[in-house]
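Per-entry structural report
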Amino acid sequence: MSQNSFPPLAAPAVDETSQVVSDQVASTSSAISMNSFPPLSIAPVQEETAPVAESTQAQSVVANQALQEWRAIRAQQDQEYNTSLLVDQEKERKKLVYQACEERRQKAIEARRRRMSACEEPSDGVLIKFKYPNGHTNMRKFRLSEPIQILFDFVGQDDIASEIFVVQEAASSRSVESSSSGSIMDYGIKASSTLYVLWFSNKDVQEILSDQQNDGAYVLHHTSHGQSSLSETSTQPSLSVPSFQPLLSEPSTRSLLSEPSTRSLLLSVPSFQPLLSEPSTRSLLSEPSTRSPLSETSTQPSLSVPSFQPLLSEPSTQPPLTLFSQPQEILTLHDEPSLSPSSAQEPIIILDEQDETVSQNQSPVSTHHLGGPVDETDLQTILKKMVSKVDGSFCPTSNQINVCRDNVLLCSVRAFKRRFFNPEAKLDVVFVDEDDNGEGAVDEGGPTREYLRLLMRAVHQSNIFEGHEKDRQLSLDTQALQTKLYMWVAKMIAVCVVHGGVGPHFFSERLFHQICGIPTRPATVDEVGDHTFREQLIKIQEATTVREANGAIAEAADSLSIIGALRHVSSLEEKDSLVQSAADFFVNGRLATALDQFVEGLKTLGLLEELRKNPAVFYNMFVSEEIPLQAKDLCTLFDVDFSAQGSNRRAREENMTICFWRDWLIDIEEGECSPVTLEKVLEFTSGASTVPPLGFPHRPQIQFLHEGNRLFPEANTCILVLRLPLHSSYEAFKQYMMEGILQAPTFGLA
């Protein structure tokens, strides 16, 4: 083809087209970008970032709070765990302390028995009688020139004897301690004397031993250099047992260590060092050092007792333990009773130094054979806890007790059996006279106190008990079993104890131990209540040949067959076994169901639980005889409502009447006003024959009857007011006071 057929392409046209297309594309893209996708803005992004940061910070605060709460809970759990370990270790320490003291007590008894086996009773001696706290009596002849230690060895052979004890004549204010020396006549003991024996608890013995140390207590002090030595002379060996120190000591403002006390017991205890100690404001352990010298000469033993120290030291109102963690150390036990919380109105309780000594010495079993260490809680604290269960502001109709004085027990059974009778509510006691009319006293405390006293007396005389007046045990009564009288009577005892602090004071030791769950010793023939059966067992027991024993068994065949003990014996050992099994069944086995009912009734108001936790605390209230009132008790019990100071009435009449009153109380104590007793005077005033363990609700008061026609004493047992008549002579005052109290029918109105 030629060049003229196809003219050449023009390049500029192509360039222009491309430029046009490019401009259109750019224009289109710009339009799309401007219309469909608005430009991004930086400011909104910054505003959205601030809330996110705040949320993260809040989450961090919450997390920290949760962590702190978790740590607090964990610390509380650790605290509770350490506290529980402290309690457990303290119980174990008390148990081991008890065991060590008990071992020393048993050795003392064995030593007395060995000495008495070599000491013959003089035929030409004077007869001296001994009365033990449980009511049992014993007697022996002594030469008054003999050492008094022979007398103490004889008395202290009893199974429940304490390591140290005292004897005292009834009419004497002086007691003689078993550690005394000299002859019998040196202490004013004469022929035909009756000496009352008072055992000491382990706690009392420890205090006596510590008081007899030269300086009251010796504590091993650490020095920074050198080696300590301990030298002492003792008539008895020391016992040594390990002591475990705390694993962890948390910060505390008080230390378990304290300075030496004048009433501490010398104990030698090897110990183990703590594994870990944290910072404390006061150190639990003294700085490691060598031993310091200590020299001591004493006739009393050094007692080493196993001791488990607490894991955690906490502030406490209890006296602390003195502890030095060296291979050989002195542990000082401060065993003082805890202080009970003070109330808004303190009760009135009669107590002075002599009374306190007597009350502490009355219990023959306080820590000896009650199956373990004694809880140091005192009776008042326990009773306060039980009384707190009683609602004194609530008195339902079912709690009204209508009482005839000549049949208190039957009236009480009717009331206690009501469906809605509530022992945890206030009692409303109404006494009914012989004409079946209410005596008119509104029960504001006085009638209840009198009722509880009369009820306990009726319980004591009921047919479910047998034996000596001061040593009673359960008797078998099939009708009482059917009607569950054992349970109802036990409920009454619980109500008397909690509502009024009135104790039985007549239980045998066996019955008390059975109630408390303490193992009892094998029964003896003397404890068999049935006279005929007892004589039959004695005849079998005293048989000296097998033939004689079988003959005695044949005579008692009817009785033995009933209890399943009738059998032929082929040796004297079998004879003794038969007598023992028969006595055990009569005293224990046949009364099992009655005892179960009785124990069930004592659960009322939590009494059984407290009895089993603290048997030694309740021993005096249930077993020991009541301590008789003294004239000084009533003299200090009352507040006197005198007329204004300087008035003629006070100078002439009231002061003289108070002198008459105090002289009259002394005459009563000396038996010059029989049959009036100090207990009857208190009954006339308050309705109670003794001052309750928790005291009266307020202090009793003495007022004066200035009206000339009011010759006899008057009283209001509810508000605890005794009104004394005014007489010009002591003889007239004495006569009208005696007649008024003896003839007053009810509630202190003569």
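Here, every reference points to the structure presented above.
This write-up is about the structure you can find in this document. Not measured: the values here are computed from a predicted model. (Residues numbered from 1 in each chain as written. Predicted model: local features only at pLDDT ≥ 70, side-chain atom pairs only at ≥ 80, totals over all residues. Heavy atoms only, no water.)

1. As for the overall build of the protein
Helix and strand counts for the protein come out as 22 helices and 20 strands. Per-residue burial for the protein yields a buried fraction of 44% across its 750 residues. Put simply, of all contacts in the protein between residues at least 6 apart along the chain, 76% involve residues at least 24 apart. Total accessible area on the protein is roughly 39400 Å²; 52% of this is exposed by carbon and sulfur atoms. (Helix = DSSP H or I, 4+ residues; strand = E, 2+ residues; numbered from the N terminus. Buried < 20%, exposed > 50% of the residue type's maximum accessible area, 1.4 Å probe, protein only. Contact = heavy atoms within 4.5 Å. Areas by Shrake-Rupley, 256 points an atom, 1.4 Å probe, with all protein chains shown as cover.)

2. Details of the pairing of strand β1 (residues 126–131)
For a regular strand, side chains alternate in direction, first toward one face of the sheet and then toward the other. Pairing of β1 with strand β2 (residues 137–142), which is carried by 6 bridges, proceeds in the antiparallel orientation. Across the sheet, Lys129 pairs through a bridge with Met139, a residue of β2. The pairing of β1 with strand β5 (residues 194–199) spans 3 bridges and is parallel. Each residue of the ladder has a partner; that of Lys129, found in β5, is Thr194. (Pairing = 2+ DSSP bridges.)

3. Thoughts on helix α22 (residues 730–743)
The first and last C-alpha atoms of α22 sit 20 Å apart over 14 residues, in line with the 20 Å expected at 1.5 Å per residue. For α22, the set of buried residues is Tyr730, Phe733, Lys734, Met737, Met738, Gly740 and Ile741. Down the axis of α22, the buried side of the element spans an arc of 165°, and every buried residue falls inside it. The exposed set on the far side of α22, more than 90 degrees from its buried face, consists of Glu731 and Gln743. (Expected span 1.5 Å × (residues − 1). Arc of directions from axis to C-beta.)

4. Quick look at the nonpolar core
Tyr451, Phe465, Ile493, Phe507, Phe598, Phe618 and Phe622 are the most contacted members of the largest nonpolar core, which totals 63 residues. The dominant element in this core, judged by the number of residues it contributes, is helix α10 (residues 485–500), at 13 residues. Dropping the residues within four chain positions of it, Tyr451 is found in contact with Ile401, Val403, Val408, Ser412, Phe416, Val429 and Phe431. Residues Ala631, Leu634, Leu637 and Leu724 belong to the second largest nonpolar core, which totals 33 residues. (Core = buried A, V, L, I, M, F, W, Y, C linked by side-chain atoms within 4.5 Å.)

5. With respect to the pattern of salt bridges
This structure, assessed with the given rule, holds 22 salt bridges. The partner of Arg105 in a salt bridge is Glu102, and the shortest N-O contact between them spans 2.6 Å. Placement of both Arg105 and Glu102 in helix α2 (residues 42–117) is noted, with a separation of 3 residues, approximately one turn of the helix. Of the residues examined, Arg105 reaches a relative accessible area of 1% and is grouped as buried. Judged by its relative accessible area of 13%, Glu102 falls in the buried class. A salt bridge links Lys107 to Glu103; its shortest N-O distance comes to 3.5 Å. Taken together, the positions of Lys107 and Glu103, both in helix α2 and 4 residues apart, correspond to about one turn of that helix. Each of the salt bridges in this network shares a partner with another, and the network as a whole consists of Arg405, Glu450, Arg453 and Glu683. (Salt bridge = Lys/Arg side-chain N within 4 Å of Asp/Glu carboxyl O.)

6. Comments concerning the packing of aromatic side chains
One pass over the full model with this rule turns up 24 aromatic pairs. Relative to Phe598, the ring of Phe507 has its centre 6.1 Å away and its plane inclined at 50°; by these criteria the two rings are tilted. One end of the pair, Phe507, is in the loop between α10 and α11 (509–516); the other, Phe598, is in helix α16 (residues 592–601), with 91 residues separating them in the sequence. Its relative accessible area of 0% is what places Phe507 among the buried residues. You can call Phe598 buried: its relative accessible area is 0%. Sitting over the face of the ring of Phe586, Arg590 holds its NZ or CZ atom 3.7 Å from the ring centroid. (Phe/Tyr/Trp six-rings, centres within 6.5 Å; stacked < 30°, edge-to-face > 60°. Lys NZ or Arg CZ within 6 Å of the ring centre and 35° of its normal.)

7. Section: empty space enclosed by the protein
Summed over the entire model, instances satisfying the criterion amount to 3 cavities of 30 Å³ or more. Approximately 90 Å³ is the volume found for the largest cavity. Lining the largest cavity are Gln473, Leu474, Ser508, Arg510, Leu511, Gln514, Val587, Asn588, Leu591, Ala592 and Leu595. Mapped onto the lining of the largest cavity, the elements with two or more residues apiece are β16 (471–474), α11 and α16. Residue contributions to the lining of the largest cavity peak at 3 residues, all from α11. (1 Å grid on protein atoms, 1.4 Å probe; cavity = no way out; pocket = protein on both sides within 12 Å on 5 of 7 lines; lining within 4 Å. Points joined across faces, edges and corners; volume = space filled by probe spheres on them.)

8. Some points on the side chain of Ser398
Locating Ser398 in the fold gives a position in the loop between α6 (379–387) and β13 (400–404). Other than its neighbours up to four places away in sequence, Ser398 contacts Arg418, Phe420 and Phe421.

9. Observations concerning the sheet that holds strand β19 (residues 714–716)
Taking strand neighbours across the sheet as the criterion, the 4 strands line up as β17-β18-β20-β19 in an open arrangement whose pairing is mixed. A single partner strand is all that each edge strand has here, and the edge strands are β17 (639–640) and β19. Bridge analysis of β19 against strand β20 (residues 721–725) gives 3 bridges, and the strand direction is antiparallel. Bridge pairing links Asn716 to Val721 in β20.

10. Regarding the sheet that holds β1
Ordered in space as β2-β1-β5-β3-β4, the 5 strands form an open sheet in which the pairing is mixed. The sheet is open, and its two borders are formed by β2 and β4 (175–177), each paired with just one other strand. Averaged over all pairs of adjacent strands, the angle between strand axes in this sheet comes to 30°, irrespective of strand direction. (Axes fitted to C-alpha atoms, helices over the stretch in contact; angles between N-to-C directions.)

11. Concerning unusual backbone geometry
Of the consecutive residues Ser674 and Pro675, the connecting peptide bond is found in the cis state with omega at 10°. The topology assignment puts Pro675 in the loop between α20 (648–669) and α21 (678–686). Residues other than glycine seldom take positive phi values, yet Lys484 does so here, at roughly 55°. Mapped onto the fold, Lys484 is located in the loop between α9 (478–482) and α10. What makes Lys484 partly exposed here is its relative accessible area of 45%. The backbone phi angle of Leu720 is positive, close to 60°, even though this residue is not glycine. Mapping Leu720 onto the fold places it in the loop between β19 and β20.

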